[in-house]
Amino acid sequence: MRFPIISSGTNLQNLCHNIKESSSSGRWKEVFSHYREIKNAGLQHIDHAILSHVLKACIFLSFGLGKSIHASVIKQGFESFGSVGNSVMDFYAKSGALGSALGIFNYMYTKDSVSWNIILHGHLGRGLSEEGFDLFTQARAVGFEPNVSTLVLMIQAYRSLRAYNDGQKFHGYLIQSGSVSHTSVHNSLLGMYTDIKMEYARNLFDEMYDKDVISWSVMISGYVHIDDNVIALELFKKMVSEFGVEPDGQTMVSVLKGCTNLVDIGIGKLIHGFIVLRGLNYDVFVGNTLVDLYCKCGDVDSAILAFQEIPERNIVSWNSLLSGFVHNEKHDEALALFASMRQSGVDVDEVTLVNLLLLCKVLGDLRQCKLIHSRIIRRGFQSNELAMNSLIDTYAKCDQINHSWKLFCQIKRLDIVTWSTMIAAFTYCGLPDEAISLYHEMRLSQEKPNSVTLLNLLEACGLSADIVRSKCAHGIAIRMGLASHVAIGTAILDMYSKCGDIEASRRAFDQISVQNVVSWSAMIAAHGLNGLPHKALALLSEMEALGVKPNPVTTLSVLSACCHGGLVEEGLSLFKHLANKHESELKLEHYSCLVDLLARAGNLDDAFQLIKSIPGAMKPGASAWGALLSACRTYEDRKLTEGALSQVLELEPLSSAGYLLASNTYAVKGSWIDASGMRCLMKERGVKVVAGYSLVHVSNKVYTFTAGDKYHPLSLISCSVIEQLHSCMRIDTGAGPLVY
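Residues numbered from 1 in each chain as written. Predicted model: local features only at pLDDT ≥ 70, side-chain atom pairs only at ≥ 80, totals over all residues. Heavy atoms only, no water.

### Re unusual backbone geometry
- If you check the backbone angles, Val263 has positive phi at about 50° while not being a glycine.
- Along the chain, Val263 falls in the loop between helix H15 (249-262) and helix H16 (265-277).
- Of the residues examined, Val263 reaches a relative accessible area of 52% and is grouped as exposed. (Helix = DSSP H or I, 4+ residues; strand = E, 2+ residues; numbered from the N terminus. Buried < 20%, exposed > 50% of the residue type's maximum accessible area, 1.4 Å probe, protein only.)

Below, the structure written as structure tokens:
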């Protein structure tokens, strides 16, 4: 299309005015259209100032057009104008052509502060921090005056590189140059100091005269990040009540995260009400954080409502609710939500698939695990570390350790998380030798273990019950400087207890710098496991005297100790105390443990009545009925055997334990046909027998053996000793002669 020749200077002025007006409104196509009118009209003596607007339009329209404008600038001799050169350089820098921008910068005869700001902004804005620092040093030598945007980018660069010493020196430069008075610069410094130390950030914050919403948000976020959630909430209250600063969505996200960390749903709901009043509930980031808050506080219904109120949900919204369903054991709801995601056309990502793998892990659903695996392959997520590590873990939880190992071997670049996941997988599947061997292989590959790797190694050594290996693992923890940490120290004492060295467990416990309820519970469980119930009870008293409040795991450990030690009265007394004072803390495991205690002591009727009295919300599990069935076998109670047997087989139809227990119960009574029938039924249903094993230490070596193993090198010695032990046990319990 040809434009008419324009001869009037007034029309030229009008077109230049239109270019500037269109540029200020962001109408970039109009900018270039007006410029083409001028060029097609053949007008000369164009105001070079409009070229900056045209080049700015080219950033949004076309890189090729910008290059043609640059060529026109050279032809018209405008390259010597500093403002035009800066505009061309800005075009190349913002288009990502830093080489071209730097070439123009170096060619310029006179570089003003605008020139330096543009080239610095181009490098720092694209993460080229080292080059940006070098340019800034050169700029300062020629008296450069940086603008606020450049200063902010410099601080962000120091922060991203974690070059905090240089960042603090830069703060000194800002004070000397008087540039620190800008609120944006102050806020960037605040962000850097929250990474260094909150005390420094608070000092700077208190010195600030002009605090905006960003200043407050940075401080609140900083406190939440270091888990000082109460201080964060107090600061938020001060911000709104005393200073009258109106919060934004980012502020509310940090405040909600603080409530989530505190698991305080009461304050969370108050904050939710505040958000609704301020109209911030339409912010998708706020909505996603609300869903996460309610899920982690166990209020799934409120999470669903918060999810439904999000006007434009993104993938994070769906994943937050899906994760909440999985972690709150709402398995059917999780599957239904995933179906809704697909119906709504939401494109699932790796986080969605990892959440589904968590569901498969809980349900032990191998088929679904394989389907998700195929989806990961189709979506090209094999290189995603989170997805692959989750797959390795899920296959292990589905008792498919070979699949886990195959995946592990396919990963080209193994990191510490993948090594740790595979070590944990071997341990979970009862293969401690393989787990420990893999740890040694990892060390040979020069990969350094972290605390999670060490926890997995300690668990593997505990499972092996090899005291020599366990001491070596303890030595590794000491050399890493982690033996006194509560999580590692607790794992060490648990490891020694499984090796039967209760004294070593106590030493490890005493070396923990700050003992918490978890370490106390583990120490109590260790004494119960090693046949020291009275000491377990004494530890409970010692723990309470020191002001450490027992939790449900602690009380379960004490009940278990009473159960294995035959302390019926003490166990009943503890259970009654819990029922009277802390009934809400009683879980199904507590009832099952007490059933086991009563049944082992021969109080079968009381055990049966206790099962019947379990609250309706907690359906008696296979462990309770199995304990009763085991006692029926020992005390030959035929009346209760049938009822307990049917319950065990109904609750765990694929577990070999119930079938074998039933078969042995019938065998004790001499009902050989029924005993044989049970084993045939097990084979018909495809139930695999999981053989239990025992182990002994002989000359610093660990030997394992299963029942009836006549091919073991020590079978001649072990069989006679086992028969003697069985005879002693029968005498102690007052039961009849053992039936073979």
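### A short note on the packing of aromatic side chains
- Following the criterion strictly, the structure yields 13 aromatic pairs and no others.
- When the ring of Tyr158 is compared with that of Phe170, the centres are 5.5 Å apart and the planes differ by 45°; the resulting orientation is tilted. With a gap of 12 residues between them, Tyr158 in helix H9 (residues 148-160) and Phe170 in helix H10 (residues 164-177) connect regions that are remote in the sequence. With respect to class, Tyr158 is no different from Phe170; both count as buried.
- Judged by centre distance (6.5 Å) and plane angle (90°), the rings of Tyr193 and Tyr200 are edge-to-face.
- Using a relative accessible area of 37% as the deciding quantity, one classes Tyr200 as partly exposed.
- Ring pairing ties together the aromatic residues Trp405, Phe408, Trp419 and Phe426, which thus form one cluster. (Phe/Tyr/Trp six-rings, centres within 6.5 Å; stacked < 30°, edge-to-face > 60°.)

### Concerning the environment of Phe426
- Within the secondary structure layout, Phe426 lies in helix H25 (residues 416-428).
- Along the sequence, Phe426 and Phe32 sit 394 residues apart, while their C-alpha atoms lie 66 Å from each other.
- Setting aside its immediate chain neighbours within four residues, Phe426 contacts Ile401, Trp405, Leu431, Pro432, Glu434, Ala435 and Leu438. (Contact = heavy atoms within 4.5 Å.)

### Focus on the environment of Asn319
- Along the chain, the position of Asn319 falls in helix H19 (residues 315-327).
- Taking the C-alpha atoms as reference points, Asn319 and Val351, separated by 32 residues in sequence, lie 6.9 Å from one another.
- Setting aside anything within four residues of it in sequence, one finds Asn319 in contact with Met341, Asp349, Val351, Thr352 and Asn355.

In short, shape yes, function no, at least from these values alone.
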